[in-house]
Amino acid sequence: MVEGQIVIEEYKTGNTHHTWDLKKMQLAHKVLKNFSYKKSDVIKGYANRTLYVNLSTGVIKEKPVTDEMKKKFTGGRGFGLKLLWDSIKPTTRWNSEENELLITTGPLCGTTQYAGSGKSLCLSVSPSTNIVCDCNVGGFFGPYLKFAGFDALEIQGKAKEDVVIIIDGEKGTITIETAPLEETNTHLLSEQLTQMYASENTNKSRQKVSVVSSGLAAENSYWGCLNFSFYDIRRKIPRIKQAGRGGLGTILRDKNIKALVVKIEHFDGISNHPADPVSLVQVGTKLHREIRNLDRYQCNMRAVGTGHLVEIMDAYDLLPTENYRFGSFPKASKIYSQKFYELFTKIIPDGCWHGCTLACAKTVDGYTVMTGPYKGEKVTVDGPEYETIGACSNMSLWEPLWVLEFNFYCDTYGIDTISAGTAIAFYMEMYEYGILNKERCDGLELCFGNAEAVLQLLHWIAQGDCSTFVKVAAKGVRRMKDWIYQNGWGEKQIIEDSGMESKGLEFSEYVTKESLAMQGGYGLTLKGPQHDEAWLIFMDMVNNTIPTFQMKAEALHYYPIWRTWFGLNGLCKLPWNDIEPANNAETSEPSKVPEHVQNYVEYQNAMTGWNITKEDLILQSERCYNWQRAMNVWMGRGQRKDDWIPFRAMGPVTEMEYISRKERYDKQLVEKLGKSEKDVEKMTVPDKLRILYEYRRDQYEKLTDAVYYRRGWTPNGIPTPQKMKQLGFTDKKMLKMLEDKIAADERNRLNVWGGFYKKGEHPPTTDHQYWQKWN
């Protein structure tokens with residue numbers, strides 16, 4: 001138990017109590033389609049079938065999960081990629097009727113003996129990027145989906161009116177029903193449907209129901225998130241976790257789905273029917289002991305959750321403030337984790353799935369809403385997570401209560417806090433420069449620190465405000481840049497360099513200017529700049545353990561692939577490296593946490609009965625990572641030009657940024673670019689900025705070369721057919737598509753190295769075979 005915390009069996013939240021006529025609501029439902037299936041046990045982590053629902057045609061059917069599908073795609077995100085590949089077109093966009101929304105599990109999902117085993121993986125073609133976006137999320141829906149009988153839920157088509165899809169694992173039925181009277185916003189809708197579909201009016205029965213929903217703002221923006229509920233039996237309310245990135249909630253509402261509901265009859269610690277339950281318990285118990293004994297001295301996740309990162313990022317100049325212009329701020333201590341700990345309800349354990357002793361899911365109960373349609377009501381706010389706090393620091397919001405207000409409305413309206421915060425921070429910077437102004441922003445004074453304006457913008461988005469500014473703002477940074485250009489406002493370079501998006505997706509909340517590897521971790525990614533692929537700042541910038549291009553390329557090969565593995569299996573990443581064995585620093589590769597990697601080998605073997613090694617784990621991930629990149633290529637993206645990042649991610653854009661870290665940048669001009677101290681003293685700040693601009697852009701190009709080379713891709717970032725065959729893929733359509741794309745690149749002279757080639761240097765490796773093929 002964490003010092004200063006107590007175990008509470010039952011807790012009264014103090015929230016505003018709502019009463020609804022649930023019978024009237026349910027009587028207003030019209031059943032559009034009913035489908036019955038034969039219930040069966042999960043075997044060695046797999047339900048061995050997926051569920052397909054087409055809202056346009058009314059078709060509901062089961063699809064088998066074959067041994068070949070398990071071998072090539074493992075589960076979770078891998079299954080989602082395979083199902084998407086079989087169902088969509090290269091021209092499919094987010095609002096195309098054939099676009100699919102998938103929720104998948106994984107063979108380890110639903111385990112209660114190993115911490116972090118309750119993740120769902122969600123996939124679709126994103127409105128922000130027009131390529132496949134994957135997102136992981138906690139809550140009960142994924143595990144319950146599997147225990148109801150399915151490894152994945154695949155939804156295609158669009159309903160003509162608002163519907164709820166109910167997967168009833170008690171009765172073995174799937175039902176599509178209209179839902180005209182229920183709320184749309186999550187904090188109300190999840191409670192209504194949890195009560196409505198619970199078999200009995202008891203907490204135990206409500207705990208067997210999970211709801212996926214979004215909210216009103218998701219209907220009017222590209223930032224829509226999916227909220228996954230988990231019923232808290234002590235607070236007696238459904239709480240929520242988010243699949244936030246890429247606008248998947250926007251797709252849910254575009255399909256006129258008000259909610260997805262799953263209910264189960266029963267589950268326990270062996271509902272996955274592992275091949276070796278004894279070994280599974282042994283490996284899980286070892287991790288539980290580490291968490292119990294060491295967490296308070298390491299990340300303190302059980303007490304403050306991911307918010308512990310705020311003070312660390314601030315100390316290392318990595319906490320985004322004022323649209324990533326700076327990495328620390330004098331007021332930052334006002335939002336350190338201790339400030340939120342004082343507001344949290346102290347309940348242990350407090351996780352988003354059973355058996356997770358890391359228990360990082362914190363809440364503020366009885367929070368009084370300050371603005372908008374729920375002003376004056378008392379609610380539970382799930383969080384804030386680090387990324388939400390970082391989004392607020394980026395907008396220069398330094399009061400904990402405003403962070404909670406932003407958190408609450410983003411959640412219930414169905415908005416991704418990361419994209420919203422990063423985008424609004426960009427709008428604020430444009431407002432500061434006069435590129436946007438009060439008139440152009442429909443009367444909003446979008447100054448840094450203006451919390452009321454931030455919340456008003458969210459309320460307008462939820463209301464469906466029809467003004468041009470709100471419509472464009474709700475579509476994110478990329479569309480706002482284009483709108484500003486179209487109107488001829490401001491200088492294009494500063495707009496492009498300071499708008500923090502890549503591939504159309506907003507950056508998550510870390511300053512990367514001094515970490516080239518982390519710049520690659522944001523740019524050289526599959527879905528866009530999200531830290532879940534590679535978080536390399538400390539390895540690169542703080543500890544300097546990967547100083548060469550070759551070492552950075554190796555890290556940008558290994559870590560994105562390793563982190564992919566969690567999404568194939570339905571696992572949370574945090575128990576891998578946010579808790580470490582006591583002797584981890586003494587190992588040969590402490591950043592990989594080798595003892596925990598071995599845990600996962602034993603865990604997967606115990607569940608599935610396979611006999612895999614740690615090398616096999618990497619192979620499982622490398623297959624799916626390359627498959628997703630190839631799908632991006634198929635959809636017209638996934639090339640070098642798509643992996644570019646704005647210059648603010650690489651270095652200082654404005655004179656103010658340079659001057660604020662003058663000693664650092666002047667020193668770099670001397671040590672890295674060979675300038676004399678006297679020459680640097682004579683230079684103007686614009687001259688210094690220009691030199692750094694050219695140097696850092698060139699460094700990123702060289703890094704891109706090195707990473708593509710290491711991954712076995714062409715200089716234009718295309719996985720080769722040879723690479724795909726090496727990974728075991730034989731899909732003729734995929735291989736032919738890649739062959740044709742590479743041939744076209746050769747005709748257009750795109751198969752040349754962008755950084756090293758221009759300098760007449762070889763890529764950073766002793767094996768020149770690949771280099772020679774493309775030059």
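Owing to the predicted nature of the structure, the values given are computational and were not obtained by experimental measurement.

What counts and what doesn't
- Residues numbered from 1 in each chain as written.
- Predicted model: local features only at pLDDT ≥ 70, side-chain atom pairs only at ≥ 80, totals over all residues.
- Heavy atoms only, no water.
- Helix = DSSP H or I, 4+ residues; strand = E, 2+ residues; numbered from the N terminus.
- Contact = heavy atoms within 4.5 Å.
- Phe/Tyr/Trp six-rings, centres within 6.5 Å; stacked < 30°, edge-to-face > 60°.
- Buried < 20%, exposed > 50% of the residue type's maximum accessible area, 1.4 Å probe, protein only.
- Domains from an automatic or database assignment.
- Salt bridge = Lys/Arg side-chain N within 4 Å of Asp/Glu carboxyl O.
- Polar contact = N/O pair within 3.5 Å; in protein donor to acceptor, adjacent residues only side chain to side chain.

Peer 1: Residues and numbers for the overall build of the protein chain, please.
Peer 2: From N to C terminus, the protein chain includes 31 helices and 17 strands. In the protein chain, the proportion of contacts linking residues at least 24 apart, taken out of those at least 6 apart, comes to 72%.

Peer 1: Describe in detail the packing of aromatic side chains, supporting the description with residues and values.
Peer 2: According to the stated counting rule, one finds 49 aromatic pairs in the structure shown. Both rings, one in Tyr374 and one in Tyr409, keep their centres 6.1 Å apart while their planes meet at 20 degrees; by these two values the pair is stacked. Taken together, the residues Tyr374 in the loop between β14 (363-368) and β15 (378-382) and Tyr409 in helix α13 (residues 400-413) connect sequence positions 35 residues apart. Taking the relative accessible area as the measure of exposure, Tyr374 reaches 9% and is therefore buried. Between the aromatic rings of Trp562 and Trp565, the centroid separation amounts to 5.6 Å while the plane-to-plane angle is 5 degrees, which identifies the pairing as stacked. On the criterion of helical spacing, the pair formed by Trp562 and Trp565 is a turn pair, its members being three residues apart in helix α21 (residues 549-569).

Peer 1: Go over the domain arrangement of the protein chain with me, naming the residues and quoting the values.
Peer 2: Here the protein chain is described as being made up of domain 1 (8-263), domain 2 (277-506) and domain 3 (558-774). Taken over C-alpha atoms, the centre of domain 1 sits 24 Å from the centre of domain 2. On the domain 2 side, the residues contacting the 56 residues of domain 1 number 58 residues. At the boundary of domain 1 and domain 2, one finds six salt bridges. The closest approach of N and O atoms between Arg239 and Asp382, which form a salt bridge, is 2.9 Å. The interface formed by domain 1 and domain 2 includes 31 residue pairs in polar contact (both at pLDDT 80 or more). Considering each element in turn, the side of domain 1 that touches domain 2 owes the most residues, five residues, to strand β12 (residues 237-243).

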